[in-house]
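Results of the structural survey
So you can see what is in the structure, the chains are spelled out below.
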Amino acid sequence: MLETLKKKSMKKVIVWVVVLYIAAVACIAFTGLGIAKLPTKTDIYDLDVSELNGKYVTADIYFIYDYYAYTTQTSKNNPRPTTVSKEYIIPIGENEFMGLYLPSGHLTKAEALMKSSQSYLDGLTDSLDEEKIFTITGTIQPMDDESLKYFHESVGYDEMTDEEKALFLPYYLRQGYLGRTPEGATYVLTVAAVVCFICATVMLVRALTGAYQKDIIKFCAATGNKEQELERMSTYFESAQPVSGLRIADNWIMFQEGAHTRIWSLDQFVWAYKKSTEHRRNGIKTGTTYSTIICNTAKRRMELPMSEKEVTDALNYIADNAPAVVLGFNSKLDKMYRNDLPRFQRILIDPEVAAEVFEQQQ
């Protein structure tokens, strides 16, 4: 019995397990394994140009030749274009050049350094202004096609010799990026991946170890002779076919709640009724779904989705095998169940109480 139920639980969770594992891998892959780069952070000037791609680095930006691209945006509140990022040409290696991608928060410093650098190149100053140097941290990435196009246009790439072209590397250092995404996004996606991985693993382990059947073990243990009751229950389970997913023996009812196998003592099982839900879209009826609601003395209501025929079969099965259960629904039954359970339990044995709740039954 337990092995059969474990397999049923596995079927219930396996899709979610696969989806969560895929989501975990997708989150990490989307960042370009960004979190793995965190402990490898290095100074950009300690790297050979052949090692730049994908590295997470700190860099003292001491010289900017020019910019080659920028991005603007407008909004309803500010229709004038606002520069949100800019891309600059910086030196790297011995004689090479690459891009520097900076968001708006760093543009004031970058423009000041670029102006100082150009003054030095034009011979207007004898030295660079060291006070204009600033430090950033980010990831070196291949330029996207649009950035690479502007980078090449700004330096006259097409007119260069192959030897000259080799000096202009198709990378940019993206400030604030950890992998393919901004640091904040990398941390969030990594946490999401860990949560997905843990949830998937917990679900898988619970299904494999039978944790979703713990109610059965607790129920059998409560009888004082766990093994004997478990054997008796297993014999009944193998011999009796379920009706609409329900199994009712002489002292218990068993059913599935998702991956969980639930079991209630018939002494706890007090009420069952049909629930139908009409679905509409734009005022037009699109269908109706049905379920059997079962309730116990702990005031727990379990909704078991079924077809309409299965609901009818389930209620007939309950009526034949659990005669102490109240069947049907109306507002007075609902109010009494919620507010006066002892009186609710007298409905089937006290005509006066029965008349009180069934006189306007729906």
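The numbers attached to residues start from 1 for each chain and follow its sequence in the written order. This being a predicted model, a pLDDT of at least 70 is required before a residue's local features are given, and a value of 80 or more before pairs of side-chain atoms are given or counted; all residues contribute to the totals for chains, interfaces and linings. The basis for every side-chain value is the complete set of non-hydrogen atoms in the structure, without hydrogens or water.

Let's shift gears to the overall build of the protein. Going along the chain from the N terminus, every DSSP run of H or I of four or more residues is numbered as a helix, and every run of E of two or more is numbered as a strand. Secondary structure assignment for the protein yields 12 helices and 16 strands. Taken against the 2.2 N^0.38 rule, which gives 21 Å for 362 residues, the C-alpha radius of gyration of the protein at 35 Å runs more than 25% over that of a compact globule. In terms of overall dimensions, the protein has a C-alpha envelope of 105 × 50 × 35 Å along the principal axes. Only protein chains enter the accessibility calculation, which uses a 1.4 Å probe. A residue is then buried if its area is under 20% of the maximum for its type, exposed if over 50%, and partly exposed in between. A total of 362 residues make up the protein; the buried ones form 40% of that total. Note on areas: Shrake-Rupley with a 1.4 Å probe; residue coverage comes only from the protein chains shown. In the form shown here, the protein has an accessible surface area of approximately 20600 Å², with 53% of it arising from carbon and sulfur atoms. Across the protein, the 39 positively charged side chains and the 46 negatively charged ones have centroids separated by 14 Å. To get the radius of gyration, use the C-alpha atoms; to get the globule rule, take the number of residues to the power 0.38 and multiply by 2.2 Å. For the purpose of counting charges, residues Lys and Arg are taken to be positive, whereas Asp and Glu are taken to be negative. His and the chain ends are not included. Here the site of a charge means NZ on Lys, CZ on Arg, CG on Asp, or CD on Glu.

Glancing now at the layout of surface pockets. Cavity means a closed set of points on a 1 Å grid over the protein atoms alone, one where a 1.4 Å probe fits but cannot get out, pocket means an open set with protein on both sides within 12 Å along at least 5 of 7 lines, and lining means a residue has an atom within 4 Å of a point. Grid points are joined across faces, edges and corners, and a volume is the space filled by probe spheres set on the points. Estimates place the volume of the largest pocket at around 360 Å³. K12, S244, G245, F255 and Q256 are the residues nearest the centre of the largest pocket, which is lined by 20 residues in total. Any residue that is not Ala, Val, Leu, Ile, Met, Phe, Trp, Tyr, Cys, Pro, Asp, Glu, Lys or Arg is counted as polar, Gly included; the first ten are nonpolar and the last four charged. Within the lining of the largest pocket, the residues separate by chemical class into 9 nonpolar, 5 polar and 6 charged. Quantified by volume, the second largest pocket comes out at close to 200 Å³. If you go around the second largest pocket, the residues you meet are L266, D267, F269, V270, A322, A324, V325, V326, F344, Q345, L348 and I349. Here the residues of the lining of the second largest pocket sort into 10 nonpolar, 1 polar and 1 charged.

Every angle, taken between N-to-C directions, lies between 0 and 180 degrees, and every axis is a line fitted to C-alpha atoms, over only the stretch in contact when it is a helix. Relative orientation of the contacting elements helix 7 (residues 214-222) and helix 8 (residues 226-239) amounts to 120°, with a least axis distance of 7 Å. The angle between helix 7 and helix 8 places the two elements in the oblique class. The interaxial crossing formed by helix 7 with helix 8 has right-handed handedness. Two secondary-structure elements touch here, helix 7 through I216, I217, F219, C220 and A221 and helix 8 through K226, E229, L230 and M233. To sort the angles, those under 35 degrees are grouped as roughly parallel, those over 145 as roughly antiparallel, those from 65 to 115 as roughly perpendicular, and the leftovers as oblique. By definition, any crossing whose near helix is turned counterclockwise from its far helix by less than a right angle is left-handed, and any crossing with a clockwise turn is right-handed. Contacts between residues were defined by any pair of non-hydrogen atoms, one from each residue, lying within 4.5 Å.

Below, the discussion takes up the pairing of strand 15 (residues 301-306). Covered by surrounding structure in strand 15 are M302, L304 and M306 only, the residues R301, E303 and P305 on the alternate face being uncovered. Pairing between two strands requires that DSSP report at least two bridges joining them. Sheet topology places strand 14 (residues 284-296) next to strand 15; 6 bridges connect them, and they run antiparallel. Residue pairing for strand 15: I294 is matched across the bridge by M302. Hairpin geometry of strand 14 and strand 15 is characterised by an intervening segment of 4 residues between the two adjacent antiparallel strands and by a positive phi of about 60° at K299.

Among buried residues, the Ala, Val, Leu, Ile, Met, Phe, Trp, Tyr and Cys ones that are joined through side-chain atoms within 4.5 Å form a nonpolar core. Grouped together as the largest cluster of nonpolar side chains are 23 residues, with contacts concentrated most on I44, L52, I61, I64, M98, L100 and L173. Elements supplying a minimum of two residues to this core: strand 2 (56-61), strand 4 (82-92), strand 5 (96-103), helix 3 (107-121), strand 6 (134-142) and strand 7 (168-175). The next biggest cluster of nonpolar side chains, apart from the first, holds 19 residues, and it includes L246, W264, M302 and I318.

Now for a nonpolar patch on the surface. What makes a patch is a set of residues exposed beyond 30% relative accessible area and free of salt bridges, joined within 9 Å when like-charged and within 5 Å when nonpolar (Val, Leu, Ile, Met, Phe, Trp, Tyr). Any Lys or Arg side-chain nitrogen found within 4 Å of a carboxyl oxygen on Asp or Glu counts as a salt bridge. Together, I14, V15, W16, V18, V19 and I22 line one region of the surface with nonpolar side chains, adding up to about 570 Å² of accessible area. By the element assignment, V15 lies in helix 1 (residues 2-30). Classification of V15 by relative accessible area gives exposed; the value is 55%.

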